[in-house]
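Examining the three-dimensional arrangement
Residue-level listing of the chains:
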Amino acid sequence: MNTVVDNAPYMALVDNDPHSARLLTRMLLAHGSPAIECFGDAADGRARLEAVLADPEGNWPSLLIVDLKAHSGANVEFVRSIHALMRQKGVPVVVMAHTLDQASRETLHEAGAAAVFFRQAELDAYRREAAGIVSFWARNQRLDAVGM
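Residues numbered from 1 in each chain as written. Predicted model: local features only at pLDDT ≥ 70, side-chain atom pairs only at ≥ 80, totals over all residues. Heavy atoms only, no water.

Thoughts on the overall build of the protein chain
Broken down by element type, the protein chain carries five helices and five strands. Counting from the amino terminus, helix and strand elements in the protein chain follow one another as β-α-β-α-β-α-β-α-β-α. By the burial criterion, 43% of the 148 residues in the protein chain qualify as buried. For the protein chain, restricting intrachain contacts to residue pairs at least 6 apart in sequence, the fraction spanning at least 24 positions comes to 64%. For the protein chain, the computed accessible surface area is about 7600 Å², with 54% contributed by carbon and sulfur atoms. (Helix = DSSP H or I, 4+ residues; strand = E, 2+ residues; numbered from the N terminus. Buried < 20%, exposed > 50% of the residue type's maximum accessible area, 1.4 Å probe, protein only. Contact = heavy atoms within 4.5 Å. Areas by Shrake-Rupley, 256 points an atom, 1.4 Å probe, with all protein chains shown as cover.)

A short note on the packing of aromatic side chains
Applying the stated criterion across every chain yields a total of one aromatic pair. Pairing Phe117 with Phe136 gives two aromatic rings, centres 6.5 Å apart and planes at 80°, and the pair type is edge-to-face. Of this pair, Phe117 sits in strand 5 (residues 115-118) while Phe136 sits in helix 5 (residues 123-139), and the two are 19 residues apart along the sequence. The class of Phe117 is buried, set by a relative accessible area of 12%. (Phe/Tyr/Trp six-rings, centres within 6.5 Å; stacked < 30°, edge-to-face > 60°.)

A few points about the packing of helix 3 (residues 74-89) against helix 4 (residues 102-111)
Two numbers describe how helix 3 lies on helix 4: the axes approach to 8 Å, and their chain directions differ by 20°. Put simply, helix 3 runs roughly parallel to helix 4. For the pair helix 3 and helix 4, the contacting residues are Asn75, Val76, Val79, Arg80 and His83 in the first and Thr107, Leu108 and Ala111 in the second. (Axes fitted to C-alpha atoms, helices over the stretch in contact; angles between N-to-C directions. Parallel < 35°, antiparallel > 145°, perpendicular 65-115°, else oblique.)

Description of helix 4
With a side-chain oxygen lying 3.2 Å from the backbone nitrogen of Ala103, the N-terminal cap of helix 4 falls on Asp101. Of the residues trailing helix 4, Gly112 is marked for its positive phi of about 130°. (Polar contact = N/O pair within 3.5 Å; in protein donor to acceptor, adjacent residues only side chain to side chain.)

Here's the deal with the environment of Cys38
With respect to the helices and strands, Cys38 occurs in strand 2 (residues 35-40). Separated by 25 residues in sequence, Cys38 and Leu13 place their C-alpha atoms 4.8 Å apart. Once residues lying within four places of it in the same chain are set aside, the contact partners of Cys38 are Leu13, Ala21, Thr25 and Arg48.

Thoughts on the environment of Ala74
As for its placement among the helices and strands, Ala74 is situated in helix 3. In this structure the C-alpha to C-alpha distance between Ala74 and Ala42, which are 32 residues apart in sequence, comes to 8.4 Å.

Some thoughts on the UniProt feature "modified residue: 4-aspartylphosphate" (unreviewed entry) in the protein chain
Taken from the UniProt record, the annotation "modified residue: 4-aspartylphosphate" (unreviewed entry) applies to Asp67. As for its position among the elements, Asp67 is in strand 3 (residues 63-67). In contact with Asp67, other than residues within four places in its own chain, are Val14, Asp15, Asn16, Ser20, Asn75, Met96 and Arg119. Separated by 3.3 Å, the side chains of Asp67 and Lys69 make a polar contact. (UniProt positions renumbered as here; feature names shortened; annotations may be inferred.)

Digging into the packing of helix 2 (residues 42-54) against helix 3
One can describe the packing of helix 2 onto helix 3 by two numbers: an axis separation of 11 Å at closest approach and a directional angle of 10°. For the element pair helix 2 / helix 3, the angle class is roughly parallel. The two elements helix 2 and helix 3 meet at a crossing, and its hand is left-handed. In contact with Ala42, Gly45, Arg46, Leu49, Glu50 and Leu53 of helix 2, helix 3 contributes Phe78, Ser81, Ile82, Leu85, Met86 and Lys89. (Left-handed = near helix turned anticlockwise from the far one by under 90°.)

Here you go:
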């Protein structure tokens with residue numbers, strides 16, 4: 001649940017590395033994102049997503065970011081497992097991937113990712129990716145989420 005303000009927009013993050021989650025959260029906030037709720041790793045994230053989205057009166061995330069590094073297929077497996085739920089609830093999913101080759105991007109899109117961003121190693125490039133995620137979020141807001 002978003003603890004900042006009831007019904008304020010927020011992004012949810014599923015990440016199996018707490019250090020990575022803190023870094024991405026700081027970068028996103030620095031680029032003007034709404035609050036970030038860390039939902040934990042794949043197992044905890046899925047359970048938390050299901051609980052949050054099961055409440056029709058609850059405050060749902062306006063974007064889900066998936067950044068799993070357990071093995072090369074972790075992102076695809078997770079996105080595939082939540083695709084129907086996220087589509088039904090209208091919550092877009094973006095993925096931080098370790099590679100951006102065309103085949104990997106296509107696999108993630110086919111699994112249900114709305115966008116794929118590259119997990120950059122260089123700090124300035126990482127900042128640009130975070131800015132891209134915030135831009136994607138801003139362009140994909142539901143009108144009711146912004147009071148229209």
